[in-house]
Amino acid sequence: MPRTSSSLELLVALRRGAGPLHGQLEAQLRDGVRDGRLASGVRLPSSRALAAELEVSRGVVVEAYGQLAAEGYLMVRPGAAPVVGAVPAGGGPPPPAPPPAPPRHDLRPGLPDLSAFPRAEWGRALRRTLRDVPDAELGYPDPAGHPRLRAALAGYLGRVRGVRASPDRIVVCGGVAEALRLTAFVLRERGVTAVAVEDPSHVETQGQLVYGGLQPVHVAVDEQGLDPRAIPERAGAVLVTPAHHFPSGVVMAPERRAALVAWARQTGGLIVEDDYDAEHRYDRAPVGAVQGLAPDHVVHVHSVSKTLAPALRLGWAVAPRPIAEALAEAKRRSDLGTPVLEQLALAELIERGELDRHLRRVRPRYRRRRDTLVGTLLAGRADLAVEGVAAGLHVAVRLPPGLGEEAVVTAAAARGVAVATVGQHAAAPRPPALVLGYARLAEDGLRAAARELLAAMDDVSRTCDNRHDVI
Ligand SMILES: Cc1ncc(COP(=O)(O)O)c(C=O)c1O
């Protein structure tokens with residue numbers, strides 16, 4: 001039987017007695033470059049290392065590399081490992097399309113000021129974690145989350161949001177997105193099929209519940225938030241953003257909060273409270289979480305996406321005990337748990353008061369940015385109206401009659417300004433409004449963006465006037 005030798009690093013295998021070895025090697029590497037498996041710029045092993053691994057003489061590899069270099073597939077320099085070159089014309093998959101150019105002024109909501117991420121503090125916390133974490137904790141994590149982070153979160157959420165959390169009610173996971181998806185799985189297992197969601201509400205968060213198998217039923221939000229009396233009977237749960245509705249920015253009125261809790265107590269339905277940006281309130285202290293009023297009827301979901309950075313993908317659910325146990329089991333079945341080093345770094349940040357200090361630093365900055373954006377827009381047009389309270393990282397701005405969302409989005413894009421709309425998140429028709437994120441731009445940038453946006457609105461008004469003239 002012919003003997004085969006292979007390289008694990010390059011996924012090539014040579015068979016003795018199946019033709020010249022250098023020819024086999026050449027053909028397999030050439031195919032690898034052509035089909036994109038060996039991408040341009042990838043370093044190959046030195047001829048000595050590859051020959052040793054394939055158990056062939058070095059001359060076999062030198063000959064193959066030399067031929068591929070002559071054909072343009074490899075770039076070889078004396079004393080350096082060869083590097084895969086650009087695929088010669090005619091071969092290889094089409095190059096990926098270049099990413100679209102970023103807008104000149106990005107007012108889309110969703111992100112905190114990423115340049116404010118506390119890199120030094122996070123770096124120190126990670127280094128301390130690496131130094132101190134016992135070897136035994138580098139195995140599979142507790143699927144409910146590291147006990148140290150759960151203890152730190154219990155204290156933090158109680159203090160900052162009035163959440164009644166004990167560590168055994170907390171499940172750490174990959175952001176609000178995963179907390180919602182796991183909650184949907186658990187609800188499905190308990191026979192729930194439909195979930196009431198605010199209309200409008202974030203398409204992504206709603207989408208996580210749908211992905212988890214639940215059918216959304218839309219309930220309108222007005223200036224008082226969602227009206228619990230309108231939750232249909234078939235909904236076994238309701239997803240709400242009571243502290244700061246997304247996208248309108250209204251706060252759920254106290255009577256509605258009480259009615260929501262009464263609904264849960266009477267029907268056995270579950271309140272899913274998305275507290276996504278509650279740490280950011282600028283005009284007064286934020287209302288406490290609904291969870292604090294009825295801990296046995298609420299799954300409270302929250303994350304560091306608005307306080308630190310979404311890239312961390314760290315969030316949690318605080319749930320009634322039986323649901324917390326089911327969530328931890330769903331998390332275990334889903335991916336065996338959340339990365340431990342980052343959990344411990346976050347615990348460090350909370351325990352040392354670094355998260356509080358970071359929030360104290362960024363809050364006044366966000367407030368100034370909101371004031372700048374809103375002030376510039378309202379100074380430019382008195383017919384715009386701001387919805388909701390001074391909180392969070394976005395503001396909804398009602399457009400006057402005659403200015404449609406789509407027309408303004410298109411005109412703004414033509415002037416290099418990217419914006420979102422309430423309509424993108426709404427099921428039923430609503431008065432047209434823009435949703436603008438202000439956290440990422442400094443005040444000068446916000447003024448410039450707001451001026452371009454005002455000019456875009458003028459462009460739309462002019463086009464409409466001209467159309468009327470023609471008619
Ligand atoms: C309403 C709402 N909830 C939650 C989140 C955060 O989701 P995650 O924690 O998965 O990043 C966002 C982010 O944009 C949001 O807008």
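In this report, the structure presented in the accompanying data block is examined.

Digging into the layout of surface pockets
Part 1 of the reasoning: In this model, the largest pocket occupies a volume close to 580 Å³.
Part 2 of the reasoning: If you trace the largest pocket, you find 28 residues lining it, with G110, H202, E204, T205 and K306 closest to the centre.
Part 3 of the reasoning: For the lining of the largest pocket, the secondary-structure elements that each account for two or more residues are α6 (175-189), β7 (194-199) and α7 (203-211).
Part 4 of the reasoning: Along the lines of polarity and charge, the residues of the lining of the largest pocket split into 11 nonpolar, 11 polar and six charged.
Part 5 of the reasoning: For the second largest pocket, the calculated volume is near 270 Å³.

Comments concerning the site of the ligand
Part 1 of the reasoning: In the vicinity of the ligand, the contacting residues are G175, V176, A177, H202, T205, F246, D274, Y276, S303, S305, K306 and R313.
Part 2 of the reasoning: S303 is positioned such that a nitrogen or oxygen atom in its side chain is 2.7 Å from an oxygen atom of the ligand.
Part 3 of the reasoning: The protein chains hide 89% of the 400 Å² of surface that the ligand would expose on its own.
Part 4 of the reasoning: More than half of the atoms belonging to the ligand lie within 2 Å of the grid points that define the largest pocket.

Some points on the packing of helix α4 (residues 119-132) against helix α10 (residues 340-351)
Part 1 of the reasoning: The interhelical angle for the contact between α4 and α10, taken along N-to-C directions, is 120°, at an axis separation of 8 Å. Regarding the angle of α4 to α10, the classification is oblique. Note on packing geometry: the crossing formed by α4 with α10 is right-handed. Contacts from E121, W122, A125, L126, R128, T129 and L130 in α4 reach L341, E342, L344, A345, L346, E348 and L349 in α10.

Description of the nonpolar core
Part 1 of the reasoning: If you look at the biggest cluster of nonpolar residues, it comprises 62 residues, and the most contacted ones within it are L107, L346, L373, L377, L436 and L453.
Part 2 of the reasoning: Ranked by residues supplied to this core, first place goes to helix α13 (residues 443-470) with eight residues.
Part 3 of the reasoning: Those residues in contact with L346 that sit more than four places away from it in its chain are W122, L149, V304, L308, L314 and W316.
Part 4 of the reasoning: Within the second largest apolar cluster, 29 residues are counted, among which are V272, V301, A326 and L327.

With respect to helix α1 (residues 21-34)
Part 1 of the reasoning: Helix length check: α1, at 14 residues, gives a terminal C-alpha distance of 20 Å against a target of 20 Å (1.5 Å per residue), a fit within 8%.
Part 2 of the reasoning: Residues L21, Q24, L25, E26, L29, R30, G32 and V33 constitute the buried set of α1.
Part 3 of the reasoning: Residues of α1 that are buried make contact with β2 (12-15), α2 (47-54), α3 (58-71) and β4 (83-84).
Part 4 of the reasoning: Just beyond α1, the residue with positive phi is G36, at close to 90°.

About the criteria used
Residues numbered from 1 in each chain as written. Predicted model: local features only at pLDDT ≥ 70, side-chain atom pairs only at ≥ 80, totals over all residues. Heavy atoms only, no water. 1 Å grid on protein atoms, 1.4 Å probe; cavity = no way out; pocket = protein on both sides within 12 Å on 5 of 7 lines; lining within 4 Å. Points joined across faces, edges and corners; volume = space filled by probe spheres on them. Helix = DSSP H or I, 4+ residues; strand = E, 2+ residues; numbered from the N terminus. Nonpolar A, V, L, I, M, F, W, Y, C, P; charged D, E, K, R; others polar. Near = heavy atom within 4 Å. Polar contact = N/O pair within 3.5 Å; in protein donor to acceptor, adjacent residues only side chain to side chain. Areas by Shrake-Rupley, 256 points an atom, 1.4 Å probe, with all protein chains shown as cover. Sits in = over half its atoms within 2 Å of the grid points. Axes fitted to C-alpha atoms, helices over the stretch in contact; angles between N-to-C directions. Parallel < 35°, antiparallel > 145°, perpendicular 65-115°, else oblique. Left-handed = near helix turned anticlockwise from the far one by under 90°. Contact = heavy atoms within 4.5 Å. Core = buried A, V, L, I, M, F, W, Y, C linked by side-chain atoms within 4.5 Å. Buried < 20%, exposed > 50% of the residue type's maximum accessible area, 1.4 Å probe, protein only. Expected span 1.5 Å × (residues − 1).

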